[in-house]
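Close look at the chain arrangement
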Amino acid sequence: MKFERRDILLIVGLLLFMVGLTPFTGLVYALIIVIIMYFGIKVYVGKRKQSIERDVGEGICMECGSKIFNKKCPNCDYSQK
């Protein structure tokens, strides 16, 4: 979980959420909820990013959209031969 520039926006949004939640739950509970939300979002985004990288592999063919293996598209390159 590396800190990136867009995490600043996430932190600001969660702080505003905490301010809105404080009248209903109290400051300590709102802080705990926001911290859990932050790490939950970070874990979800990390898993989703790994899933996309695994699906894409070396790249995607611009013609048919399938995954490229060994720098060749299994659909387009073999159909031309």
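Quantities reported herein were computed from a predicted structural model and do not represent experimental measurements. (Residues numbered from 1 in each chain as written. Predicted model: local features only at pLDDT ≥ 70, side-chain atom pairs only at ≥ 80, totals over all residues. Heavy atoms only, no water.)

1. Overview of the pattern of salt bridges
Applying the stated rule across the entire model yields 3 salt bridges. In this structure, Glu 4 and Arg 6 form a salt bridge, with 3.0 Å as the shortest nitrogen-oxygen distance. Lys 42 is paired through a salt bridge with Asp 7; the nearest N and O atoms lie 2.8 Å apart. With a gap of 35 residues between them, Lys 42 in helix H2 (residues 27–56) and Asp 7 in helix H1 (residues 6–25) connect regions that are remote in the sequence. Of the residues examined, Lys 42 reaches a relative accessible area of 13% and is grouped as buried. (Salt bridge = Lys/Arg side-chain N within 4 Å of Asp/Glu carboxyl O. Helix = DSSP H or I, 4+ residues; strand = E, 2+ residues; numbered from the N terminus. Buried < 20%, exposed > 50% of the residue type's maximum accessible area, 1.4 Å probe, protein only.)

2. Quick word on the environment of Leu 27
With respect to the element layout, Leu 27 can be found in helix H2. C-alpha of Leu 27 to C-alpha of Lys 72: the two residues are 45 residues apart in sequence and 56 Å apart in space.

3. Considerations on a nonpolar patch on the surface
Side chains of Phe 3, Ile 8, Ile 11, Val 12, Leu 15 and Leu 16 sit close together on the surface and give an oily, nonpolar patch of about 570 Å² of accessible area. Following the sequence through the fold, Val 12 ends up in helix H1. (Patch = residues over 30% accessible without salt bridge, like charges linked within 9 Å, V, L, I, M, F, W, Y side chains within 5 Å. Areas by Shrake-Rupley, 256 points an atom, 1.4 Å probe, with all protein chains shown as cover.)

4. Comments concerning the nonpolar core
The nonpolar side chains of a soluble globular protein tend to be buried, and buried together. One finds Leu 10, Leu 14, Met 18, Leu 21, Ala 30, Val 34 and Tyr 38 forming the largest nonpolar core, which totals 7 residues. Counting only elements with at least two residues in this core, the list comes to H1 and H2. Ranked by residues supplied to this core, first place goes to H1 with 4 residues. (Core = buried A, V, L, I, M, F, W, Y, C linked by side-chain atoms within 4.5 Å.)

5. So, the side chain of Asp 7
Judged by its relative accessible area of 4%, Asp 7 is buried. The residues touching Asp 7, leaving out its near neighbours within four places in the chain, are Lys 2, Tyr 38 and Lys 42. (Contact = heavy atoms within 4.5 Å.)

6. Comments concerning H1
Helix length check: H1, at 20 residues, gives a terminal C-alpha distance of 28 Å against a target of 28 Å (1.5 Å per residue), a fit within 8%. By the largest-angle criterion, Val 19 marks the main kink of H1, which is about 25 degrees, and a proline, Pro 23, follows within four residues. Within H1, the full set of buried residues consists of Asp 7, Leu 10, Leu 14, Met 18 and Leu 21. Those residues of H1 hidden inside the fold are in contact with H2. Once H1 finishes, Gly 26 follows within two positions and takes phi at roughly 105 degrees, a positive value. (Expected span 1.5 Å × (residues − 1). Bend = angle between axes of the 7 residues up to and from the residue.)

7. Section: the confidence of the model for the chain
This prediction gives the chain a mean pLDDT of 86; 94% of its residues lie at or above 70. The spread of mean pLDDT over the elements of the chain runs between helix H3 (residues 76–80), the lowest at 65, and H1, the highest at 94. (pLDDT = per-residue confidence, 0-100.)

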